[in-house]
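The lines below spell out each chain.
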Amino acid sequence: MAKKHQAWIHVGMPGAGDVIESALAHHHAALVELGYASVARSTAESFRAAVEMTRAHKDWGLKRADVEGQWTRLVRRAEKARADLVFSQSLLVGATPEQVALLVDALAGYRVHVVVTTGLDDEAATAARWSAACRKPERLHVLETDGLAPAEVWKAFGALVGFGTASLGLAAVPHTAAAFQSLPDALREVERLARRNASLEVRLEELDRKRRRLKRKLGQVA
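Predicted model only: the values in this text are computed from it and were never measured. (Residues numbered from 1 in each chain as written. Predicted model: local features only at pLDDT ≥ 70, side-chain atom pairs only at ≥ 80, totals over all residues. Heavy atoms only, no water.)

Student: Any chance you could explain the packing of aromatic side chains here in plain terms?
Tutor: Each pair of aromatic rings is reported with the distance of its centres and the angle of its planes. One pass over the full model with this rule turns up five aromatic pairs. Measuring from ring centre to ring centre gives 5.0 Å for Trp71 and Phe87, while their planes differ by 65°; the resulting arrangement is edge-to-face. Here Trp71 is found in helix α5 (residues 70-81), whereas its partner Phe87 is found in strand β3 (residues 84-88), with 16 residues between them in sequence. Taking relative accessible area as the criterion, Phe87 reaches 1% and is therefore assigned buried. Here Trp154 and Phe163 contribute two aromatic rings whose centre-to-centre distance is 5.5 Å and whose plane-to-plane angle is 55°, an arrangement assigned as tilted. (Phe/Tyr/Trp six-rings, centres within 6.5 Å; stacked < 30°, edge-to-face > 60°. Helix = DSSP H or I, 4+ residues; strand = E, 2+ residues; numbered from the N terminus. Buried < 20%, exposed > 50% of the residue type's maximum accessible area, 1.4 Å probe, protein only.)

Student: What is the right way to look at helix α8 (residues 150-161) in this model?
Tutor: The periodicity of an α-helix, 3.6 residues per turn, causes residues three or four positions apart to be oriented the same way. Between its first and last C-alpha, α8 extends 17 Å over twelve residues, near the 16 Å set by a 1.5 Å rise per residue. Restricting attention to buried positions, one finds in α8 the residues Pro150, Val153, Trp154, Phe157, Gly158 and Val161. The arc that holds the buried residues of α8, viewed along the axis, is 130°, so those residues lie on one side. Residues of α8 that are exposed and point more than 90 degrees away from the buried face comprise Lys155 and Ala159. Residues of α8 that are buried sit in contact with β1 (5-10), α1 (19-26), β2 (36-38), β3, β4 (110-117) and β5 (140-143). (Expected span 1.5 Å × (residues − 1). Arc of directions from axis to C-beta. Contact = heavy atoms within 4.5 Å.)

Student: Which parts of the structure should I look at to understand the sheet that holds β2?
Tutor: Each strand in a sheet pairs with its neighbour through backbone hydrogen bonds, running either in the same direction (parallel) or in the opposite one (antiparallel). Taken in spatial order, the five strands make up an open sheet running β2-β3-β1-β4-β5, and their pairing is parallel. With partners counted over all chains shown, the strands left at the sheet margins are β2 and β5, one partner each. Here the average twist between neighbouring strands, direction ignored, is 20°. Across four bridges, β1 lies against β3 in parallel orientation. Paired with His10 across the strands is Ser88, a residue of β3. Across the sheet, α5 lies against β1, β2, β3 and β4, angled at about 150° from β3, the strand it touches most. (Pairing = 2+ DSSP bridges. Axes fitted to C-alpha atoms, helices over the stretch in contact; angles between N-to-C directions.)

Student: When you look at the packing of α1 against helix α3 (residues 43-54) in this model, what are you seeing that I'm missing?
Tutor: Angle between the axes and distance between the axes: these two values describe a pair of packed helices. Following both chains from N to C, one finds α1 and α3 inclined at 120°, their axes separated by 9 Å at the closest point. With respect to α3, the axis of α1 lies oblique. Residue-level inspection shows Glu21, Ser22 and Ala25 of α1 in contact with α3, the latter providing Thr43, Ser46 and Phe47. Counted by class, the contact of α1 with α3 contains two nonpolar, three polar and one charged residues. (Parallel < 35°, antiparallel > 145°, perpendicular 65-115°, else oblique. Nonpolar A, V, L, I, M, F, W, Y, C, P; charged D, E, K, R; others polar.)

So, in structure tokens, the structure goes:
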């Protein structure tokens, strides 16, 4: 029997761990070469998948059709790469046990690990909800990030998953949230604005697809 690939799901609290999602998307191509399928090529893709899984599309002003099937598409992308899957999105912190089970259903061919990074809130409840996804307790990992710089968090996450970050720098990766770790309200506002921006990116992508379809139809008529 072929050995199962690993699926690493990061569900960190708002804080320094936020850099993981952006870094995974930014270094998507490089990680694939290292044997790790960072399935989201942009934060908009990871946002869309998390919104689908948590059934939160209305909260973000989106239609169900805007996010339908996104998680399955990302998992299939990893399957084609035949590599370990890596995914990060902080909205998954609020996932219910039923939503966790739904997300894991698509990972039947993987050995699932969950990484919870600590932030300004208690991580115990989140870890408890996600523990069932791991099947074995040693696959649930709590990564302490309080007081760490984003680069240190990124390095620690890479070491846990199994890839080095020396050549995967953060110079071009946005990570301003870490500056507000001592200001919970400010950090949550940064989180809200970041997610709102991702929501707008999703809607712009949909409008662009509609524009291209309309252009093709007009070309056929002409």
